[in-house]
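# Secondary and tertiary structure notes
Here is how the chains run, residue by residue.
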Amino acid sequence: MSVIEVSHLTKYYGKSRGIVDVSFNVEEGEIFGFIGPNGAGKSTTIRLLLSLIHPTSGTAKVFGKDVVTQGPLIRRDIGYLPSEVYYYEGMKVIDLLKYSASFYECDCKQRMQELSDLMELEMRRRISDLSYGNKKKVGIVQGLLHSPKLLFLDEPTAGLDPLMQRKFFDLIRQENARGVTVFFSSHILGEVQRLCNRVGIIREGKIAEISDIHTLQQNNYKKVRLEATGLDPNAFNLPGVTNLQSEDSQVHFFFKGDINTVLQKIAPLQVSDLTIEEPTLEEIFMHYYE
Amino acid sequence: MSATIYLHEFRTRLRSVIVWSLSLAVMIFIFYSIFPAFSSQAAAINDALSKFPPALLAAFGMGQVDMSSVLGFYSFIFLFAQVCLAIQAGNYGFGLVSVEETELTADFLVSKPVSRMQIMDSKLLAAFTSLTITNLVVWASTFISIHLFKGSRTYDLNALLLLLASIVIFQLFFLSLGLVISLLVRRVRSVTPYSLALGFGMYLLAAFSGLEGVSNLELITAFKHFDPNYIIQHQAYDTPLVLLNAAVTVVCLVAAYLLYVRRDIPAVS
């Protein structure tokens with residue numbers, strides 16, 4: 001069953017583009033990654049699904065219900081963690097969480113306590129005294145305390161330290177194991193790859209590709225930079241190598257395929273420096289469109 | 001209507017309501033405490049006032065009534081109370097939904113399982129409750145002050161009740177006008193300049209309409225819709241103007257609902 005069905009969804013803010021003719025489905029129980037550079041339309045899509053903004057044309061359904069006409073009903077089972085978290089500055093953490101819980105027909109006290117303990121959140125402090133990372137934690141607890149069936153995470157890891165990021169990912173995996181569907185937007189390919197089953201790539205307001213994470217990984221480019229003495233750049237003119245550039249004793253190129261073939265070429269050399277890394281999303285996109 | 005939002009809204013505004021109510025009560029009380037001294041020298045003062053140009057007196061709301069009478073003096077104070085009430089109601093109106101957007105909490109609220117209609121209902125009702133508290137405090141302060149300082153003088157209770165009853169319509173006018181303006185402009189950064197401009201602007205228009213005798217001005221300023229002098233003198237409202245005022249309020253409220261239901265909540269960054 002599809003939890004989210006988006007069909008030809010278009011949003012213009014006056015004349016400026018939000019998203020154009022976006023269509024995709026998210027199935028129940030999956031973690032769907034939504035990646036794209038800043039300004040591509042990730043937040044616009046999420047905000048449309050939450051009825052924070054209204055579509056210019058096209059339709060979107062969540063739990064089989066139209067987001068424009070049945071928003072309040074849909075939002076009973078939705079948890080939302082925005083990319084930038086802002087709450088009522090004068091309130092204490094505990095009061096904000098209670099206020100948030102009071103919107104749902106559930107006794108969320110126990111879950112609220114569990115989550116706050118897990119995220120090491122200090123409940124008695126004022127929101128205005130919290131650091132950005134701590135506000136983000138409030139956001140996480142606030143988004144999960146009513147045990148939603150669908151989670152929208154809009155660039156959720158910004159501001160969290162690595163330890164908290166790991167806890168957060170574990171938490172999302174646990175929620176997912178309970179059957180919660182997750183819509184995860186990010187511009188960091190790595191974290192999407194770690195967590196998601198399927199990804200949609202959005203670029204300049206349009207869906208560039210929707211694919212299984214495994215397919216994407218097989219298609220995935222590595223960025224290789226090598227510095228060695230007596231280097232012959234032409235030795236790296238292998239199948240799968242693109243964008244090969246060399247200067248002095250350095251080569252750099254993108255590689256797609258079995259990384260061992262490259263390593264075999266490198267092994268006999270006298271290497272002074274070597275990095276093999278994920279290309280940035282921009283670089284991947286450049287490959288998509290070259 | 002959501003009880004949760006209503007309570008939250010009411011609590012957020014509680015301090016402001018107390019400050020406004022107490023200030024108004026104290027202002028009325030202190031102002032009225034000079035009434036005994038004022039009226040005992042009524043002849044001298046009325047004589048002095050008569051030397052001012054009548055247009056100027058009209059501008060300050062002292063034109064047509066006997067300042068040495070209980071209600072004549074009160075209607076003079078009431079004009080200042082009206083300015084305060086207008087600014088307070090304007091504040092609440094301008095801030096009603098825009099505050100969520102300036103403080104970036106709109107995402108939090110609107111992504112909860114409540115409809116925009118429910119949000120608006122609850123917020124309006126909470127603001128109206130707050131204004132009503134101030135309204136009641138003004139009533140109480142008025143009666144206490146008049147009875148403490150009127151001495152042996154008498155006054156027409158009906159005229160006073162009419163005057164005080166006008167407060168609620170007056171408040172609703174500024175509340176809904178502020179609200180609809182806040183939804184029409186792109187973003188309200190700070191509420192106070194707007195409500196001060198609206199409150200004082202309309203007051204000045206009312207003063208000018210007295211000064212120039214331009215009767216068209218009285219159509220657009222709420223201070224002339226509920227002119228205290230007129231109400232005290234005639235023991236009645238200027239019905240066409242009051243109806244006009246109420247109609248504007250209704251139109252503003254309907255427009256505010258329509259605008260808010262369709263509104264795109266601006267993204268944070």
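Criteria and thresholds
- Residues numbered from 1 in each chain as written.
- Chains lettered and ligands numbered in written order.
- Predicted model: local features only at pLDDT ≥ 70, side-chain atom pairs only at ≥ 80, totals over all residues.
- Helix = DSSP H or I, 4+ residues; strand = E, 2+ residues; numbered from the N terminus.
- Buried ≥ 20, exposed ≤ 12 C-beta atoms within 10 Å, placed from the backbone.
- Contact = placed C-beta atoms within 7 Å.
- Core = buried A, V, L, I, M, F, W, Y, C linked by C-beta atoms within 7 Å.
- Pairing = 2+ DSSP bridges.
- Axes fitted to C-alpha atoms, helices over the stretch in contact; angles between N-to-C directions.
- Parallel < 35°, antiparallel > 145°, perpendicular 65-115°, else oblique.
- Left-handed = near helix turned anticlockwise from the far one by under 90°.
- Nonpolar A, V, L, I, M, F, W, Y, C, P; charged D, E, K, R; others polar.
- Domains from an automatic or database assignment.

What follows is about the overall build of chain A. Helices and strands together make up the secondary structure of chain A, namely ten helices and 14 strands. Buried positions account for 36% of the 290 residues belonging to chain A. Taking all contacts inside chain A whose residues are at least 6 apart in sequence as the whole, residues at least 24 apart take part in 69%.

This part covers the nonpolar core. Grouped together as the largest cluster of nonpolar side chains are 63 residues, with contacts concentrated most on Leu 49, Val 141, Phe 152, Val 182, Phe 183 and Phe 184 of chain A. In contact with Leu 49 of chain A, other than residues within four places in its own chain, are Ile 4, Ala 60, Val 62, Val 67 and Phe 152 of chain A. Trp 20, Leu 85, Met 120 and Tyr 230 of chain B belong to the second-largest nonpolar core, a separate cluster that totals 62 residues.

Residue and element names in this part refer to chain A. Here strand β11 (residues 222-229) pairs with strand β13 (residues 250-255) via six bridges, running antiparallel. Directly across from Arg 225, in β13, lies its bridge partner His 252. In this structure, β11 lies alongside strand β14 (residues 270-277), joined through seven bridges in antiparallel fashion. In the sheet register, Thr 229 faces β14, and the bridge partner there is Gln 270.

Moving on, we come to the sheet that holds strand β5 (residues 65-66) of chain A. Residues and elements named next belong to chain A. In space, the four strands of this open sheet follow the order β2-β1-β4-β5, with antiparallel pairing throughout. Of all strands in the sheet, those bounded by a partner on one side alone are β2 (16-27) and β5. Note: strand β1 (residues 2-13) against strand β4 (residues 57-62), five bridges, orientation antiparallel. Paired with Ser 7 across the two strands is Thr 59, which belongs to β4.

Residue and element names in this part refer to chain B. One way to put it is that helix α1 (residues 3-33) packs onto helix α7 (residues 116-149) with a least axis distance of 8 Å and a crossing angle of 20°. With respect to α7, the axis of α1 lies roughly parallel. The two elements α1 and α7 cross, and the hand of that crossing is right-handed. For the contact of α1 with α7, a count of residues per class yields 18 nonpolar, nine polar and three charged.

This part is about the domain arrangement of chain A. Segmentation of chain A into domains returns domain 1 (2-218) and domain 2 (222-289). Distance between the C-alpha centres of domain 1 of chain A and domain 2 of chain A: 37 Å.

So, on to the packing of α7 of chain B against helix α13 (residues 239-262) of chain B. All names here are of chain B. Close contact between α7 and α13 brings their axes to 9 Å; oriented N to C, the two are set at 135°. One element, α7, and the other, α13, form an angle in the oblique class. You can see that α7 and α13 cross each other, and the crossing is right-handed. The segment α7 lies against α13, with Arg 116, Met 117 and Met 120 engaging Tyr 257, Tyr 260 and Val 261. A breakdown of the residues in the contact of α7 with α13 according to their chemical character gives five nonpolar, no polar and one charged.

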